[in-house]
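Architecture and fold: a report
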Amino acid sequence: MKTLTSKILSAVLTGALALGIAGCAQPAASNDNGLKTVEAGKLTMATNAFFPPYEYYEGEDIVGIDAEIAQAVADKLGLELVIEDTEFDSIIVGVQSGKYDIGCAGMTITEERLQSVNFTQPYATGIQSVIVPEDSEITDVDTLLAGDYIVGVQTGTTGDIYMTDDIGEARVDRYQKGNDAIVALTSGKVDAVVIDNEPAKAFVAANEGLKILDTAYAEEEYAMCLNKDNEELLNAINQALDELKKDGTIDAIVAKYIPAEG
Ligand code: GLN
């Protein structure tokens, strides 16, 4: 016979289980095209809009390479693109919990992230660059790693992950926004900043007295991340990206924001 305590306990457990399931699964709505998205008729994209030229504010609007590529993908799928700005390290969690359909944020494909989310095919390449003051004694990546320098990074990015692996927590200072790490660099709180090359160029152009080291720290590929339970949407986006690569749309978007050098 069930006692009152065991009844209460099982009710609590059932509730917790239901909550647990609701927390993990994607509460998806169906669309005319058969695809499931968080909200019917919409493709909800999470980004961190302080990562020029991939995403940044122009007035109230979030613009940039990722915003335009996602818009082109949404057009192909017949969905309205909705961009939500959040902290970079909340994107994967939000995609997993069914808050966003895609994360599109200059996000590097890594083995670790692949445990939590699916990635589309890559649509761009990135490099982790090192920014130092113009008169810095740090001349290359080896000097940076070997010394006792403090490195500023953006929380949860590959710059953070790789640097922490290479030089340990004690020498890594984390900031929510790339620009906050740059402010720490210009005010002498950190000796270098490790960040993706395109935002690095934008930050150096906007701040006097900084330079990017010639030697890169790491090379990587950017892709959109999706909930592991939504393979149909993954396939549809991959198909759209294929078409957008073939017809030159992606190249044109990248060229608009990153003028060819030389
Ligand atoms: N490419 C880096 C990463 O995926 C940084 C991305 C970002 O800051 N938006 O971790």
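Structure's up top.
Residues numbered from 1 in each chain as written. Predicted model: local features only at pLDDT ≥ 70, side-chain atom pairs only at ≥ 80, totals over all residues. Heavy atoms only, no water.

A few points about the site of the ligand
Taken together, 13 residues lie around the ligand, and A105, G106, T108, T158 and D196 are the ones closest in. A distance of 2.8 Å is found between a nitrogen atom of the ligand and a backbone nitrogen or oxygen belonging to A105. A distance of 2.8 Å is found between an oxygen atom of the ligand and a side-chain nitrogen or oxygen belonging to Q154. Across the complex, the protein chains shield 100% of the 300 Å² of accessible surface that the ligand would expose by itself. (Near = heavy atom within 4 Å. Polar contact = N/O pair within 3.5 Å; in protein donor to acceptor, adjacent residues only side chain to side chain. Areas by Shrake-Rupley, 256 points an atom, 1.4 Å probe, with all protein chains shown as cover.)

Here's the deal with the packing of aromatic side chains
For the coordinates displayed, the defined rule picks out 5 aromatic pairs. Ring centres of Y56 and Y257 lie 6.4 Å apart, and the angle between their planes is 80 degrees; this geometry places the pair in the edge-to-face category. Highlighted residues: Y56 in strand β5 (residues 55-58) and Y257 in helix α10 (residues 249-257), separated in sequence by 201 residues. Y257 sits in the buried class, given a relative accessible area of 17%. Aromatic side chains Y162 and Y217 sit 6.4 Å apart centroid to centroid with 65 degrees between the ring planes, which places their arrangement in the edge-to-face category. Remark: Y217 occurs in the loop between β14 (210-212) and β15 (218-222) and Y162 occurs in helix α6 (residues 158-167); sequence separation between them is 55 residues. Overall, Y162 belongs to the partly exposed group, its relative accessible area being 24%. Owing to a relative accessible area of 14%, Y217 belongs among the buried residues under this scheme. Aromatic ring contacts, followed pair by pair, group F51, Y54 and Y222 into a single cluster. A cation over an aromatic ring shows up here: K177 above the ring of F50, its NZ or CZ 4.9 Å from the ring centre. (Phe/Tyr/Trp six-rings, centres within 6.5 Å; stacked < 30°, edge-to-face > 60°. Helix = DSSP H or I, 4+ residues; strand = E, 2+ residues; numbered from the N terminus. Buried < 20%, exposed > 50% of the residue type's maximum accessible area, 1.4 Å probe, protein only. Lys NZ or Arg CZ within 6 Å of the ring centre and 35° of its normal.)

A few points about unusual backbone geometry
Of note, the bond from P52 into P53 is cis; its omega dihedral lies within 30 degrees of zero at 0 degrees. Mapping P53 onto the fold places it in the loop between β4 (50-51) and β5.

Concerning the state of the cysteines
Applying the stated criterion across every chain, the model contains 0 disulfides. Unpaired in this structure, C104 has its nearest cysteine sulfur neighbour in C225, at a distance of 8.8 Å. Classification of C104 as buried rests on a relative accessible area of 0%. You can call C225 buried: its relative accessible area is 0%. (Disulfide = S-S within 2.5 Å.)

Remarks on the nonpolar core
Grouped together as the largest cluster of nonpolar side chains are 33 residues, with contacts concentrated most on I69, V73, I102, Y123, M224 and I237. Counting residues per element, the ones that place at least two in this core are β3 (42-47), α2 (65-77), α9 (231-246) and α10. Among all residues touching I237, those that are not within four sequence positions of it are V73, L77, I102, T120, M224 and L226. Listed in part, the 15 residues of the second largest apolar core include V151, V153, M163 and L213. (Core = buried A, V, L, I, M, F, W, Y, C linked by side-chain atoms within 4.5 Å. Contact = heavy atoms within 4.5 Å.)

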